[in-house]
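One-letter residues, chain by chain:
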Amino acid sequence: MAGSENQESGEGKRCRICGDVVEEFIDFGRQPVSDSFVMPYEAGQEFFFRLSAGICVACSMVQLTEEVPREQMFHEDYPYRSSGSTRMRSHFHSVAQRLLETELTGRDPLIVEIGSNDGIMLRTVRDAGVRHLGVDPSVRAAELAASEGIRVQTDFFEEQSARKIAASEGPANVIFSANTFSHIAYIDSIFRGVDTLLASDGVFVFEDRYLGDIISRNAFDQIYDEHFYLFSVSSVQSIAQTFGFVLIDAEHLDIHGGSMRYTVARPGVRIPSDSVAQFLRQEQKMGLADPGTYRRFAEETRNSCSELISLLRDLRAEGKTVVGYGATAKSSTLLNYCNIGSDLVSCIFDSTPEKQGRLSPGTHIPVRSSDEFSAPYPDYALLFAWNHSDEILAKEQEFREAGGRWILYVPTVHLI
Ligand code: SAM
Ligand code: TMP
């Protein structure tokens, strides 16, 4: 496995929020940009960096120790499409519906979304005829949203772009962001942008993977370039304060393997809900600020990876066919760390047209359309998109009926 001999090299890293020392707890070694699914003729041209994570000794923010330049991750060909999951479409429809009924009821309200991708959330806002603007630098994804009549600005949200939006659109009643805020290392600039754009009584609502679930489920593959920060209620409360805001609500979400919705407002305008204090107590009990928690997590990660490699080697020795399912960004961490190539996992099936016909970043496993999964079924399928397991297992019910088995590695390596 890559990285383990390199444990100490992150020493001296400084917290991106408060500038104090970040203690590294896990090192996945040299990794490519996680969503750089390359054409066969581009293999080897991926951008590489050292993927390791640490915790700040002062503010407890869990973060990567190396930042990938944003243009390497989010560009014209960024292949992730939010609307590929029925469950996520329904989730974002409900999110939009709730915001429309609560925060967007005044005269000519405005909602701005940071990281609107293919318009999965704003579609519902458009249908309601409410003023909206999506901001996303990934051109092709933004074009898909625009083609549906959703208003999008192809740009990175930051202080400067927020100023321009505020000047042309006026104050936003809601700024929303899902699975994006944690991707942005330059969070100070985002908060200044939010400060410029948000109405005096407006709310900034964001959803991201929850550190508590990553630790308790040993979901180590949630650590990859795009997840620069792994938020907890405690660290979000602290950054909100640092930038002049207050965390007024936290709501746990059973999506993407465990997420949290945070609502932030200006001081004194909203009464914080009890949930914030409840999650803070729970996080203390879980030891989320305790370095020992992260040492155990790293140890369990190494054990899971060794176990998975042994299983895949045994299956190959027995002549079984093994494929991957879900060409996720997460899988890049696992595949590159464990050095799993097409000798152990012959191909990866995925429903995203933008990823099909390409190769997995770094390990160069071919990605094929999930429509071809059954022709013929393999003996085993390694479920990289384990966060969508209910949806995928239901869709691919016939695989198990035909004798196939799923391999999962979160929270531990097991077969179903
Ligand atoms: N919100 C969608 C969801 O939850 O499925 C998309 C999430 S996708 C993982 C992250 C998106 O954030 C990408 O479409 C990316 O282009 C966008 N993004 C990254 N940095 C951004 C920034 N500074 N401003 C706006 N969008 C950004
Ligand atoms: P995510 O975990 O980052 O959302 O990525 C999920 C990946 O899995 C994405 O590339 C689409 C793929 N996928 C399928 O191939 N089939 C499915 O039914 C679902 C829900 C996702």
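The model shown is predicted, which means the values in this text are computed figures rather than measured ones.

A. Main features of the pairing of strand β11 (residues 259-265). Of all seven residues that make up β11, seven are buried, and the element is covered over most of its length. Every second residue of β11 is oriented toward a common face, with Ser 259, Arg 261, Thr 263 and Ala 265 on one face and Met 260, Tyr 262 and Val 264 on the other, all of them buried. Judged from the seven bridges that link them, strand β8 (residues 198-209) and β11 form a sheet pairing that is antiparallel. Across the sheet, Phe 206 pairs through a bridge with Tyr 262, a residue of β11. By the bridge criterion, seven bridges tie strand β10 (residues 246-253) to β11 in an arrangement that is antiparallel.

B. Expanded view of the site of ligand 1. Neighbouring ligand 1 are 21 residues, the closest being Ser 82, Gly 115, Asp 136, Ser 138 and Phe 157. One of the side-chain nitrogen or oxygen atoms of Ser 82 is found 2.7 Å away from an oxygen atom of ligand 1. Phe 157 has a polar backbone atom sitting 2.8 Å from a nitrogen atom of ligand 1.

C. Structural context of helix α4 (residues 139-147). Listed in full, the buried residues belonging to α4 are Ala 141, Ala 142 and Ala 145. Considered in projection along α4, the buried side chains sweep an arc of 95° and stay on one side of the axis. Directly after α4, the chain includes Gly 149, whose backbone phi takes a positive value near 85°.

D. Spatial organisation of the site of ligand 2. Every one of the 17 residues lining ligand 2 counts as a neighbour, but Lys 330, Asp 350, Asn 387, His 388 and Lys 395 are closest to it. Contacts to ligand 2 include Lys 355, whose side-chain N or O atom sits 2.8 Å from an oxygen atom. Within the side chain of Asn 387, one N or O atom sits 2.8 Å away from an oxygen atom of ligand 2. Compared with its free state, where it exposes 490 Å², ligand 2 has 96% of that area covered by protein.

E. Quick look at the UniProt feature "domain: C-methyltransferase" (unreviewed entry) in the protein. Summarizing the sequence annotation, UniProt attributes the feature "domain: C-methyltransferase" (unreviewed entry) to residues 255-411 in the numbering used throughout. Between the first and last C-alpha atoms of residues 255-411 the distance is 15 Å; the span itself is 39% helix and 16% strand.

F. The arrangement of the sheet that holds strand β16 (residues 405-408) in detail. Within the open sheet, the six strands sit side by side as β14-β13-β12-β15-β16-β17. Their pairing is mixed. In the strand order of this sheet, the two ends are held by β14 (367-369) and β17 (414-415), each with one partner. Direction of pairing for strand β13 (residues 348-350) relative to β14: parallel, over a ladder of three bridges. Opposite Phe 349, over in β14, you have Arg 368 as the bridge partner. Strands β12 (322-325), β15 (380-383), β16 and β17 of the sheet are contacted by helix α10 (residues 291-317), whose axis makes an angle of about 150° with β16.

G. Broad picture of the packing of helix α8 (residues 233-242) against helix α9 (residues 274-286). Look at α8 against α9: their axes get within 9 Å of each other, and the N-to-C directions meet at 125°. On the basis of the axis angle, α8 is oblique to α9. Residues Val 233, Ser 234 and Gln 237 of α8 form the contact with α9, whose participating residues are Val 276, Phe 279, Leu 280 and Glu 283. When the residues that make up the contact of α8 with α9 are grouped by side-chain class, the tally is four nonpolar, two polar and one charged.

H. The arrangement of the UniProt feature "domain: Methyltransferase putative zinc binding" (unreviewed entry) in the protein in detail. Summarizing the sequence annotation, UniProt attributes the feature "domain: Methyltransferase putative zinc binding" (unreviewed entry) to residues 15-74 in the numbering used throughout. End C-alpha atoms of residues 15-74 are separated by 23 Å, and the span's content is 7% helix alongside 38% strand.

I. Seen up close, unusual backbone geometry. Cis peptide bonds are those with omega within 30 degrees of zero, and the linkage from Ala 375 to Pro 376 qualifies with -10°. In this structure, Pro 376 sits in the loop between β14 and β15. The residue after Val 410, namely Pro 411, is reached through a cis peptide bond having omega 0°. With respect to the helices and strands, Pro 411 occurs in the loop between β16 and β17. One non-glycine residue, Asn 117, lies in positive phi territory at about 50°. With respect to the helices and strands, the residue Asn 117 is situated in the loop between β4 (110-114) and α3 (122-127). Accessibility expressed as a relative area gives 6% for Asn 117, which makes it buried.

J. Looking closely at the environment of Arg 302. In this structure, Arg 302 sits in helix α10. On the accessibility criterion, Arg 302 (24% relative accessible area) is partly exposed. Separated by 265 residues in the primary sequence, Arg 302 and Phe 37 place their C-alpha atoms 26 Å from one another.

Thresholds, definitions, all that
Residues numbered from 1 in each chain as written. Chains lettered and ligands numbered in written order. Predicted model: local features only at pLDDT ≥ 70, side-chain atom pairs only at ≥ 80, totals over all residues. Heavy atoms only, no water. Buried < 20%, exposed > 50% of the residue type's maximum accessible area, 1.4 Å probe, protein only. Helix = DSSP H or I, 4+ residues; strand = E, 2+ residues; numbered from the N terminus. Pairing = 2+ DSSP bridges. Near = heavy atom within 4 Å. Polar contact = N/O pair within 3.5 Å; in protein donor to acceptor, adjacent residues only side chain to side chain. Arc of directions from axis to C-beta. Areas by Shrake-Rupley, 256 points an atom, 1.4 Å probe, with all protein chains shown as cover. UniProt positions renumbered as here; feature names shortened; annotations may be inferred. Contact = heavy atoms within 4.5 Å. Axes fitted to C-alpha atoms, helices over the stretch in contact; angles between N-to-C directions. Parallel < 35°, antiparallel > 145°, perpendicular 65-115°, else oblique. Nonpolar A, V, L, I, M, F, W, Y, C, P; charged D, E, K, R; others polar.

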